[in-house]
Amino acid sequence: MPASAAAGVAAEGEENAAEAGGRELLYCGTTRFDIMGRKVKGGMGGSRGNLVSPTRLRPLMGVDIRFVASGCAACHCVALGADGRCFTWGRNEKGQLGHGDTLLRNLPTVVSELSKYNIISASVGRNHTVVVTDGGKSFAFGDNKHGQLGTGSLRKGTEVSPAPCLVTEATNAVCGADFTVWLSSVEGSSILTAGLPQYGQLGHGSDNEYNTKVSSVKLSYDPQPRPRAVATLSGKTVVKVACGTNHTVAVDSSGFVYTWGFGGYGRLGHNEQKDEWQPRLVQIFQKNNILGPNDIISAGSASSACTAGGRGQLYMWGKLKNSGDEWMYPKPVTDLSGWNIRCMASGSMHHTVGADDSCISWGHSEYGELGYGPTQKSSVNPKKVDILEGMHVTSVGCGVGMSLIVVDRANVGNKIDQLDTFDGDSDALFQENMKSLYFPPRCYSKEEQDTNTSQQHARHETAETPEQATKKATPTANSRSNKRKTTVDQPKPEDGTDGSGEEIKEVQRSHGTSTRRGRGRGAKTAATPEAKPSGRGRGRGRPKKGTGSPDPAPLEAGSSGRGGKKSGKRGRPRK
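Conventions adopted
Residues numbered from 1 in each chain as written. Predicted model: local features only at pLDDT ≥ 70, side-chain atom pairs only at ≥ 80, totals over all residues. Heavy atoms only, no water. Core = buried A, V, L, I, M, F, W, Y, C linked by side-chain atoms within 4.5 Å. Buried < 20%, exposed > 50% of the residue type's maximum accessible area, 1.4 Å probe, protein only. Helix = DSSP H or I, 4+ residues; strand = E, 2+ residues; numbered from the N terminus. Contact = heavy atoms within 4.5 Å. Salt bridge = Lys/Arg side-chain N within 4 Å of Asp/Glu carboxyl O. Polar contact = N/O pair within 3.5 Å; in protein donor to acceptor, adjacent residues only side chain to side chain.

## A short note on the nonpolar core
Moving on, step 1. Ranked by internal contacts, the top residues of the largest apolar core, which has 30 residues, are Leu314, Met316, Met344 and Trp362.
Moving on, step 2. Elements with a minimum of two residues in this core: strand 23 (313-318), strand 25 (341-346), strand 26 (350-355), strand 27 (358-363), strand 29 (393-399) and strand 30 (402-408).
Moving on, step 3. Considering every element that reaches this core, the biggest residue donor is strand 25, with four residues.
Moving on, step 4. Setting aside chain neighbours within four positions, we find Met316 in contact with Ser304, Ala305, Trp327, Tyr329, Pro330, Lys331, Val333, Met344, His351 and Trp362.
Moving on, step 5. Counting residues in hydrophobic clusters, the runner-up holds 22 residues, among them Leu60, Trp89, Leu107 and Val400.

## Describing the pattern of salt bridges
Moving on, step 1. The tally for this structure, following the rule as stated, stands at 16 salt bridges.
Moving on, step 2. For Glu24, the salt bridge identified is with Arg56, shortest N-O distance 2.7 Å. With Glu24 in strand 1 (residues 23-30) and Arg56 in strand 2 (residues 50-57), this residue pair connects regions lying 32 residues apart in the sequence.
Moving on, step 3. Look at Arg56 and you get buried, because its relative accessible area is 6%.
Moving on, step 4. The residue Glu389 makes a salt bridge to Lys384 at a minimum N-O spacing of 3.6 Å.
Moving on, step 5. For Lys384, a relative accessible area of 32% translates into the label partly exposed.
Moving on, step 6. Taken together, the salt bridges that share partners define one network made up of Glu24, Arg56, Arg409 and Asp417.

## A word on the side chain of His204
Moving on, step 1. Locating His204 in the fold gives a position in the loop between strand 13 (191-195) and strand 14 (209-211).
Moving on, step 2. Within the structure, the side chain of His204 is placed 3.2 Å from the side chain of Gln224, a separation counted as a polar contact.
Moving on, step 3. Apart from the residues lying within four places of it in its own chain, the contact partners of His204 are Thr193, Gln224, Arg228, Ala229, Val230, Trp277 and Gln278.

Structural measurements only, silent on function.
Now the structure itself:
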């Protein structure tokens, strides 16, 4: 489709939306863009600041949004207004938001350098963003390590402001993780690619692999910074394209589907897991099962999808969920049979669909990106988002831990006004939640509060000066001193046992000590004036023979002293 035709369709959609009351963007998922998809120390950071239900964003309230996009490997978003403005927000470590800096933004912000253009298409990769104007120009910003911006140069590793791409008469742009695909109205060059060629996702018949050194086995891949037409499709006109992390799906004007790139988990739909370096026709979408003008295509991290046959039947293939077998070739999703699907987006492992007057989502959810609310997190099968029931969804986008949904405000009454609104205070909310998590306030009863208050008053009344406090010994020191005195004054039992006298127990109980005597400081200072009789130890073993010490008094029968009777055995005697 030429750029002028695309602009005409966009203008017609704007007029219809204006008559119907406009469209509004709703967001669900995490607002902690700095930690999303990353392991956080402590393991609790990723669960804070999540919007588990579709929520309005304060800067876009009342703004007519016609298109929204994110990526299956992206942690930032882009939204296009009906007036041609471009809004970006999210992670910005590589300047992928296009604001001339690397500051993170929690809320949508207009890209000021694009304000003089009417942006009709946009897409985001892992760390880069590409937009297309109604005049056929394309601009890109963010990470350019692999040449994915299409500027023709690798000298600047990042572009924090929009830079022109070397593409003419562009009509659309779609990003993979580290590569970009452009559609153009130039005859013979309807599809162009640039960026990382590691898995053949550029479609040029090679992965540009080479050894970094002659004597090394380390491999690298020669980046492609200049957009290049896919020669295999030079005789065809590509009208639709979708990109996963490292694979590409395209549809030509005849309705045939082509896939290429990384083939793991059967995401290419060829019933095998081999990488394809050139576009390969998907056999199932032929004859009566070709794609029509209103059919849609989508690609996730490890999956692909499309509607075909003119009936709106959704087909999917690849790895659709964390558990279970992958689909090696396209299969119909029976749960969505009979639905009129208008738009679809896939994230890392979740999917969102706009069909009829409902929003449907399913997959794995870690941050509430499915929008089910606090009662449910994930769903294996497609499920309606109940809070959006009856709303007409016009555009959807999925990223890492987030979903974006554009709904038509016509015929919904005040349903949208009843939704929550996010003001961008996720940092304060996160810090407050973490503080309450690790330092929870203690809840006192009324009696405890009265007791604590009286104790505080008593401490203030009996407060001592520092000089007085240093003169007094601490309670611990007094306790140790008393214990040493008690040990010296108390004679040691003759039989070598700890004794069973009540006096020792009372003294030890009064000082809070154990009745078991050890080898502590008190034991060393408990020396008596008399010489210690030889052969009388601590009850360990029998006494030595031939000593001049008098024999101790015989123990009574059944005595349990340590010394015990002279039975020739250690420990207490047998009963």
